[in-house]
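Inside the fold
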Amino acid sequence: AMASVRGVGVNIAALLPKPVGRASKWDDDDDEEDQPKTQQKATSNKAKQPPPQGKRAGWVPRSLDDFGDGGAFPEIHVAQFPLDMGRKDGKTGKTVALQMDAEGNIKYDAILSQGRNHNTLVQGRHKDLVAKKVHEMDVERPDQDEVLSKTQETQAALEKIVHG
């Protein structure tokens, strides 16, 4: 038996038992299982083909499958993006416009605030991180007259809301 296996022209695959279990999608041996899948793909591709030239009245390509394997349809006057070429993906560009401060110096911290909410505090300089002294913050307690006037304004606004 060993001599026949070593002989020239013996098909080793014929001597081995058939594999048991599910075949992987990379197996080349199982051609009979792949045939129904390729037939399904062929029929589904035919269903996705665009209408023939001259019979496209009212038809608009909307998905990637409508373009088949390539180009746009020049006789259909709508924005078309075959293979998603030229389609904007909604993301903003990475280029930042040059901005200047009041003295005419370039604001390099504009890069830091790119893509952030305008209410977000961005500290891009060492000076922004240093604690401010009380006199620099210019915080004063309001005087009694100011407190009284604000209280009356607030009370009048609340009464207007409550009583209509």
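Summary of the structure given here. Everything numeric here is computed off the predicted structure, so don't read it as measured data.

**Observations regarding the overall build of the chain**
- The helix and strand inventory of the chain stands at 6 helices and 0 strands.
- The linear arrangement of helices and strands in the chain, starting from the amino end, is α-α-α-α-α-α.
- A total of 164 residues make up the chain; the buried ones form 7% of that total.
- The contacts of the chain with a sequence gap of at least 6 include a subset with a gap of at least 24, amounting to 0%.
- In the form shown here, the chain has an accessible surface area of approximately 15600 Å², with 54% of it arising from carbon and sulfur atoms.

**Some details on a nonpolar patch on the surface**
- A contiguous nonpolar surface patch, about 470 Å² in accessible area, is contributed by L98, M100, I106 and Y108.
- Here L98 lies in the loop between helix 3 (31-48) and helix 4 (126-129).
- Residue classification places L98 among the exposed residues on the basis of a relative accessible area of 65%.

**Observations concerning the pattern of salt bridges**
- Considering all chains together, one arrives at 1 salt bridge under this definition.
- Salt-bridge contacts for R56 lead to E75; the nearest nitrogen and oxygen are separated by 2.5 Å. Here the residue R56 occupies a position in the loop between helix 3 and helix 4, and E75 occupies one in the loop between helix 3 and helix 4, the gap between them amounting to 19 residues.
- By relative accessible area, R56 is classed as buried at 14%.
- Owing to a relative accessible area of 33%, E75 belongs among the partly exposed residues under this scheme.

**Describing helix 6 (residues 144-163)**
- Taking 1.5 Å of rise per residue, the 20 residues of helix 6 would be expected to cover 28 Å, and the 28 Å separating its terminal C-alpha atoms lies within 8% of that figure.
- One or two residues past the end of helix 6 sits G164, with phi positive at roughly 85°.

**Looking at the environment of M100**
- By secondary structure assignment, the location of M100 is in the loop between helix 3 and helix 4.
- Spatially, the C-alpha atom of M100 lies 9.5 Å from that of A110, the residues being 10 residues apart in sequence.
- Contacts of M100, omitting those with residues within four sequence positions, involve N105, I106 and K107.

**Overview of the packing of aromatic side chains**
- This structure, assessed with the given rule, holds 1 aromatic pair.
- Here W59 and F73 contribute two aromatic rings whose centre-to-centre distance is 5.2 Å and whose plane-to-plane angle is 85°, an arrangement assigned as edge-to-face. On the criterion of sequence distance, the pair formed by W59 in the loop between helix 3 and helix 4 and F73 in the loop between helix 3 and helix 4 is long-range, its members being 14 residues apart.

**So, the environment of I111**
- Along the polypeptide, I111 turns up in the loop between helix 3 and helix 4.
- The exposure class of I111 is exposed, given its relative accessible area of 56%.
- It is 9.1 Å that separates the C-alpha atoms of I111 and A97, two residues lying 14 residues apart in sequence.

Rules of the game
- Throughout this document, residue positions are counted from 1 along each chain, in the order its sequence is written.
- It should be noted that, the model being predicted, local features are given only for residues of pLDDT at least 70 and side-chain atom pairs only at 80 or more, the latter also being counted only at that level, while totals for whole chains, interfaces and linings use all residues.
- The basis for the side-chain values is all heavy atoms of the structure; hydrogens and waters are excluded.
- A helix here means a DSSP run of H or I that spans at least four residues, while a strand means a run of E at least two residues long, and both kinds are numbered starting from the N terminus.
- Buried means the residue's accessible area, taken with a 1.4 Å probe over protein chains only, is under 20% of the maximum for its type, while exposed means over 50%, and partly exposed covers the values in between.
- Contacts between residues were defined by any pair of non-hydrogen atoms, one from each residue, lying within 4.5 Å.
- Residue burial considers only the protein chains on display, and all accessible areas are found by Shrake-Rupley using a 1.4 Å probe.
- Each patch is assembled from residues with relative accessible area greater than 30% and no salt bridge, linking like charges that lie within 9 Å and nonpolar side chains (Val, Leu, Ile, Met, Phe, Trp, Tyr) that lie within 5 Å.
- In the sections that follow, a salt bridge refers to a side-chain nitrogen of Lys or Arg positioned within 4 Å of a carboxyl oxygen of Asp or Glu.
- In this analysis, the expected span of each helix is defined as 1.5 Å times one less than the number of residues it contains.
- To pair, rings of Phe, Tyr and Trp, with the six-membered ring standing in for Trp, must have centres within 6.5 Å; the planes then decide the type, stacked if under 30 degrees apart, edge-to-face if over 60, and tilted in the middle.

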